[in-house]
Amino acid sequence: MEYPSLEEGHKLEPKLTTAEVEEQALVKPAGFFPKVLYYEALLDKKLGIESNSIERVTPEKKQPPNTLAMALIWASATMNLSCFSSGFLGWQFGLSLGQVIPIIICATLLGGAITGWCATLGPGTGLRQVAISRFSLGFYPSSIIAALNVVEQLGWSSVSCITAGQALVAVSDGRISIVVGVVIVACLSLAIVFFGLKVVMSLEQWMWLIAFIVFMIVYGQSGSHANLAQPATVSGLTKSGEVLSLISVIYGSSASWSSIVSDFYVHYPVNTSRVKVFFFTALGISLPTCIGLLLGACIASSLGTNPEWAEAYDNGIGYILQEIIHPKKFAKFCLVLLVLSNVGMNCINIYAASISAQLFAPPFRKIPRILWTVVVFACIIAIGIAGRDHLLTVLDNFLSLLGYWNTSFFVILFCEHYLFRGGNLANYDLDAWDTPSKMPIGLAGLTSFLCGAAGWIVGMDETYYVGALARMIGDGGGDIANELALVFTSISFIPLRWLELKYVGR
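Residues numbered from 1 in each chain as written. Predicted model: local features only at pLDDT ≥ 70, side-chain atom pairs only at ≥ 80, totals over all residues. Heavy atoms only, no water.

### Some remarks on the pattern of salt bridges
Thought 1: Per the counting criterion, the structure on display carries seven salt bridges.
Thought 2: Between Asp173 and Lys332 there is a salt bridge; the shortest N-O distance is 2.9 Å. Pair noted here: Asp173 is in the loop between α9 (142-171) and α10 (178-193) and Lys332 is in helix α16 (residues 328-359), with a separation of 159 residues, a long-range link.
Thought 3: A salt bridge links Arg421 to Glu416, with the nearest nitrogen and oxygen atoms 2.8 Å apart. (Salt bridge = Lys/Arg side-chain N within 4 Å of Asp/Glu carboxyl O. Helix = DSSP H or I, 4+ residues; strand = E, 2+ residues; numbered from the N terminus.)

### Section: the packing of α10 against α16
Thought 1: For the pair α10 and α16, the least separation of the axes is 8 Å and the interaxial angle reads 55°. Taken as axis vectors, α10 and α16 run oblique relative to one another. Regarding α10 and α16, the two cross each other, and that crossing is right-handed. Contacts between α10 and α16 involve Val185, Leu188, Ser189, Leu190, Ile192 and Val193 on the former and, on the latter, Val339, Val343, Asn346, Cys347, Ile350 and Tyr351.
Thought 2: When grouped by side-chain class, the residues that make up the contact of α10 with α16 number 10 nonpolar, two polar and no charged. (Axes fitted to C-alpha atoms, helices over the stretch in contact; angles between N-to-C directions. Parallel < 35°, antiparallel > 145°, perpendicular 65-115°, else oblique. Left-handed = near helix turned anticlockwise from the far one by under 90°. Contact = heavy atoms within 4.5 Å. Nonpolar A, V, L, I, M, F, W, Y, C, P; charged D, E, K, R; others polar.)

### Quick word on the packing of aromatic side chains
Thought 1: Within the structure shown, the criterion is met by 24 aromatic pairs.
Thought 2: Arranged with centres 4.6 Å apart and planes meeting at 15°, the rings of Phe88 and Tyr313 form a pair that is stacked. Of the two residues, Phe88 is situated in the loop between α4 (81-86) and α5 (89-92) and Tyr313 in helix α14 (residues 307-315); the sequence distance between them amounts to 225 residues. Neither Phe88 nor Tyr313 differs from the other in exposure class; each is buried.
Thought 3: Pairing Trp156 with Trp257 gives two aromatic rings, centres 5.8 Å apart and planes at 10°, and the pair type is stacked. Linking Trp156 in helix α9 with Trp257 in the loop between α12 (236-255) and α13 (274-301), this pair joins segments that are 101 residues apart in sequence. Judged on exposure class, the residue Trp156 and its partner Trp257 are both buried.
Thought 4: What links up through ring pairs into an aromatic cluster is the set Trp74, Trp156, Trp257, Phe264 and Tyr351. (Phe/Tyr/Trp six-rings, centres within 6.5 Å; stacked < 30°, edge-to-face > 60°. Buried < 20%, exposed > 50% of the residue type's maximum accessible area, 1.4 Å probe, protein only.)

### Thoughts on a negative patch on the surface
Thought 1: Taken together, Glu308, Glu311, Asp314 and Glu323 make up a surface patch of like negative charges.
Thought 2: If you tally residues by element for the negative patch, the top one is α14, at three residues.
Thought 3: Locating Glu311 in the fold gives a position in helix α14. (Patch = residues over 30% accessible without salt bridge, like charges linked within 9 Å, V, L, I, M, F, W, Y side chains within 5 Å. Areas by Shrake-Rupley, 256 points an atom, 1.4 Å probe, with all protein chains shown as cover. Lys, Arg positive; Asp, Glu negative; His and termini not counted. Charge placed at Lys NZ, Arg CZ, Asp CG, Glu CD.)

### Comments concerning the environment of Cys298
Thought 1: By the secondary structure assignment, Cys298 is in helix α13.
Thought 2: Look past the residues within four positions of Cys298 in its chain and what remains in contact with it is Leu97 and Ala226.

### Things to note about the confidence of the model for the chain
Thought 1: Per-residue pLDDT for the chain has a mean of 84; in total, 86% of the residues score no lower than 70.
Thought 2: Taken element by element, the predicted model of the chain shows its lowest mean pLDDT in helix α1 (residues 18-25) (47) and its highest in helix α6 (residues 97-119) (95).
Thought 3: Across residues 1-25, confidence stays below pLDDT 50; counting only partners more than four residues off in sequence or on other chains, it has six contacts. (pLDDT = per-residue confidence, 0-100.)

### Quick word on helix α8 (residues 129-137)
Thought 1: Summarising burial for α8: nine of the nine residues are buried, a large majority.
Thought 2: The complete set of buried residues in α8 reads Gln129, Val130, Ala131, Ile132, Ser133, Arg134, Phe135, Ser136 and Leu137.
Thought 3: One or two positions beyond α8, positive phi appears at Gly138, with a value near 105°.

### Topic: a nonpolar patch on the surface
Thought 1: Taken together, the side chains of Ile441, Leu443, Leu496, Trp498, Leu499, Tyr503 and Val504 present a nonpolar region at the surface, about 680 Å² in accessible area.
Thought 2: Looking at the nonpolar patch element by element, the count peaks at four residues for helix α20 (residues 481-503).
Thought 3: The residue Leu443 is located in helix α19 (residues 443-459) in this model.

### Quick word on the side chain of Ser356
Thought 1: Checked against the element boundaries, Ser356 lands in helix α16.
Thought 2: In this structure, Ser356 is in contact with Val130, Ala146, Asn149 and Val150, ignoring residues within four places of it in sequence.

### Side note on the nonpolar core
Thought 1: Counting 136 residues, the largest nonpolar core has Trp74, Phe264 and Tyr265 as the members making the most contacts within it.
Thought 2: If one sorts the elements of this core by residue count, α16 sits on top with 16 residues. (Core = buried A, V, L, I, M, F, W, Y, C linked by side-chain atoms within 4.5 Å.)

### Section: the environment of Ser253
Thought 1: On the secondary structure map, Ser253 appears in helix α12.
Thought 2: Each C-alpha atom, one on Ser253 and one on Ala107, is 9.2 Å from the other, the two residues being 146 residues apart in sequence.
Thought 3: From its side chain, Ser253 meets the backbone oxygen of Ile250 in a polar contact 2.7 Å long. (Polar contact = N/O pair within 3.5 Å; in protein donor to acceptor, adjacent residues only side chain to side chain.)

### Digging into the side chain of Asp479
Thought 1: Checked against the element boundaries, Asp479 lands in the loop between α19 and α20.
Thought 2: Reaching out from Asp479, the side chain makes a polar contact with the backbone nitrogen of Asp461 at a distance of 3.3 Å.
Thought 3: There is a polar contact of 3.1 Å between the side chain of Asp479 and the backbone nitrogen of Ala481.

### Some points on α20
Thought 1: With 23 residues, α20 should reach 33 Å at 1.5 Å per residue; the first-to-last C-alpha distance of 32 Å fits that figure.
Thought 2: Within the sequence span of α20, burial applies to Ala481, Asn482, Leu484, Ala485, Thr489, Ser490, Ser492, Phe493, Arg497 and Glu500.
Thought 3: In the segment just after α20, Gly505 is the residue with positive phi, at about 90°. (Expected span 1.5 Å × (residues − 1).)

### Here's the deal with unusual backbone geometry
Thought 1: A cis amide bond, omega -5°, links His326 with the succeeding residue Pro327.
Thought 2: By secondary structure assignment, the location of Pro327 is in the loop between α15 (317-324) and α16.
Thought 3: One non-glycine residue, Asp173, adopts positive backbone phi at about 55°.
Thought 4: The partly exposed category is assigned to Asp173, whose relative accessible area is 36%.

### Some words on the state of the cysteines
Thought 1: Scanning the model with the defined rule gives zero disulfides in all.
Thought 2: Unpaired in this structure, Cys83 has its nearest cysteine sulfur neighbour in Cys290, at a distance of 8.2 Å.
Thought 3: The buried category is assigned to Cys83, whose relative accessible area is 8%. (Disulfide = S-S within 2.5 Å.)

### Description of the environment of Asp429
Thought 1: Mapped onto the elements, Asp429 comes out in the loop between α18 (391-420) and α19.
Thought 2: Given the relative accessible area of 39%, Asp429 is considered partly exposed.
Thought 3: Sequence separation between Asp429 and Phe135 is 294 residues, and the spatial gap between their C-alpha atoms is 8.8 Å.
Thought 4: Dropping the residues within four chain positions of it, Asp429 is found in contact with Phe135 and Lys438.

So, in structure tokens, the structure goes:
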């Protein structure tokens, strides 16, 4: 058989694979940020680090569903040392264990339900939670949510690093400082979240199991010491105020995920059952949260009759767990495992914070997600070191504040979805999610959010500020900011949004 001869000057080029063609298509640009984006995209193709993390995931790019993962990733995010530490707040407020238990259960279920509803918007839209809020709050006002999200995730991660750092101090018998512990935990978290959502989701499905096993061990070794006969140290209207304040804190710890929850569901198929999404998310948050909170509350109730535990608690969360778990070497091993559970929580927080930072404004998306991750990491270390000696104060104030604005956020999304879009995602122009001219101008959303903020201000009961209405409830005040935020936001958003649609048309 004769082969045709090549004309002079022509050569046979080897056939390139699809991956090689795509790699060649990535032209190395000039400038610092463009170069980082170039290498980020290159790493995405090589390692799957998810470079285009804020874009809408269209139906054809969706992945097969993993229903159980909806619950398990939140179990990893909530069942950890930070949650356990929050369980001591009821005792600090002067409430009895019998009063704290129903508050923990009901408040976590309520906060989890709000987050569960927000999660139902993720699979159908393929959008991150901040991007979804543009359809109700408006394109530019939604930047407020993005900024608050970053602050929220920084706070959660800082608390997580503090509690895990205290555990490492106990493990080392005080040979390392809590500052070093905070840095170690933050570095471990950064190493994982660098690779993006796929890696985070894969690990989060299993990291909850570590904390669950250790917490069951602690329940077994401390359960008999729980003091149900412990009386409350407050009474009358003052007790009512402390109950309201504890409800606000516990509710805030579960509701705070509502502003980022869809970030983790964008790859789920469009036809994923919204009922499943709601229940798996709500229970995946509330049940593990209850496990950690109730364990902390039970141990706290025994501090008045167990001086050894009380002294250990004064030295830090790690020391009291080391005092409870026997033998001592096994206790150190358990504390190291619990540190890893906090790393799992941080991964979700850091990832969500970097996404929200990119969604804050169009220029911010030019900064690669990898760089935002590093910036968030540095802020977490700074905040964690600054607040390392004031854990319960940070928890009390921070978790309450989270609930306030997430309540207003939920009300606006809920009213928009059911009252103005008929509860149907088909009434959202999803392709226009990044087009300001096709989004609401935001007068209704921004004004109602600010009205909700007015409710927070007069109803909050914090260490550094007590609102005018809150201070009327007992000697120490009572936190009613969430209730006022719900009322103020809803009664302002509904008429204002109706007027906005009538006269502006979008």
